[in-house]
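# Examining the three-dimensional arrangement
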Amino acid sequence: MAIVVTDIQRPDPDITAKYITQKLGVATVHEAQGRTGLLDSSIRPIQQGAYVCGPAVTVSVPPCDNWMIVAAVEQCRPGDVLVVAPTSDSDSGYFGDLLATSLQSRGVHALIINAGVRDTGELRKQGFSVWSKCIYSQGTVKETLGDINVPVICAGQLVHPGDLVIADDDGVCIVPLKNAESVLKQSIEREALEESKRARMSRGELGLDIYNFREKLRAKGLKYISQHEYLDSERS
């Protein structure tokens with residue numbers, strides 16, 4: 001039985017807004033939540049410089065069939081991110097400028113898809129952000145049902161409807177809905193710590209000293225020798 005879940009829970013808008021205001025990126029969020037949530041490295045942006053953060057509307061689609069993406073548009077609200085996962089591996093171009101236009105009319109921020117997209121030049125002109133497995137002009141059909149707003153596996157990550165999606169030039173990271181507030185706090189703390197280190201490095205301090213690595217490296221057996229000593233050791 002194919003289903004459409006129509007009343008999904010989304011994160012508190014104030015929490016989502018704080019991620020956006022702080023522009024907490026994929027690398028920061030991924031590290032802050034224990035190095036979890038990253039989609040596979042094959043999922044790449046079709047544009048540069050885009051940043052999105054919003055709740056996931058999930059779509060499970062058959063291979064080479066985008067019918068359920070068309071149906072999913074109705075379930076989207078302003079600020080949502082559409083997450084599409086084929087049930088079998090597929091490179092077909094499920095998505096183009098017409099679907100992007102439809103989603104933009106409902107205030108959708110972006111698409112994340114573990115498959116192909118096309119019309120990428122137009123998508124960039126429209127300012128509709130996409131992270132996809134590939135770019136491929138091969139079209140799809142509209143024949144087979146799938147599911148909307150159910151848990152999906154997208155590029156190796158379990159995504160529930162309403163989970164927070166963070167995407168930027170570094171890829172895509174998923175924050176479980178129940179963890180959105182705690183990960184926000186951890187991410188802000190991590191950003192503050194990194195900013196303090198950045199300030200020290202800009203003044204010329206070395207990472208070796210900031211992170212207290214010298215003794216650890218010595219304990220592992222790292223030795224500093226002069227070039228003369230090195231050449232002598234090579235000759236002997």
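Rules and cut-offs
- Residues numbered from 1 in each chain as written.
- Predicted model: local features only at pLDDT ≥ 70, side-chain atom pairs only at ≥ 80, totals over all residues.
- Heavy atoms only, no water.
- Patch = residues over 30% accessible without salt bridge, like charges linked within 9 Å, V, L, I, M, F, W, Y side chains within 5 Å.
- Areas by Shrake-Rupley, 256 points an atom, 1.4 Å probe, with all protein chains shown as cover.
- Salt bridge = Lys/Arg side-chain N within 4 Å of Asp/Glu carboxyl O.
- Helix = DSSP H or I, 4+ residues; strand = E, 2+ residues; numbered from the N terminus.
- Phe/Tyr/Trp six-rings, centres within 6.5 Å; stacked < 30°, edge-to-face > 60°.
- Contact = heavy atoms within 4.5 Å.

## Observations concerning a nonpolar patch on the surface
Among the surface-exposed residues, Met201, Tyr211, Phe213, Leu217, Leu222 and Tyr224 lie close enough to one another that they form a single nonpolar patch of about 570 Å² accessible area. Within the fold, leucine 217 resides in helix H8 (residues 213–219).

## Here's the deal with the packing of aromatic side chains
Under the criterion given, the structure shown has two aromatic pairs. Summarising the aromatic geometry, the rings of phenylalanine 95 and phenylalanine 128 are spaced 5.6 Å apart at their centres and angled 25° between planes, so their arrangement reads as stacked. Of this pair, phenylalanine 95 sits in strand E4 (residues 93–95) while phenylalanine 128 sits in the loop between helix H5 (120–126) and strand E6 (129–135), placing them 33 residues apart in sequence. Ring centres of tyrosine 211 and phenylalanine 213 lie 5.3 Å apart, and the angle between their planes is 20°; this geometry places the pair in the stacked category.

## Describing the environment of leucine 103
Assignment of secondary structure puts leucine 103 in helix H4 (residues 97–104). Between the C-alpha atom of leucine 103 and that of alanine 71, which follows or precedes it by 32 residues, the distance is 11 Å. If sequence neighbours within four positions are ignored, leucine 103 has contacts with Val73, Cys76, Leu82, Phe95, Val108 and Phe128.

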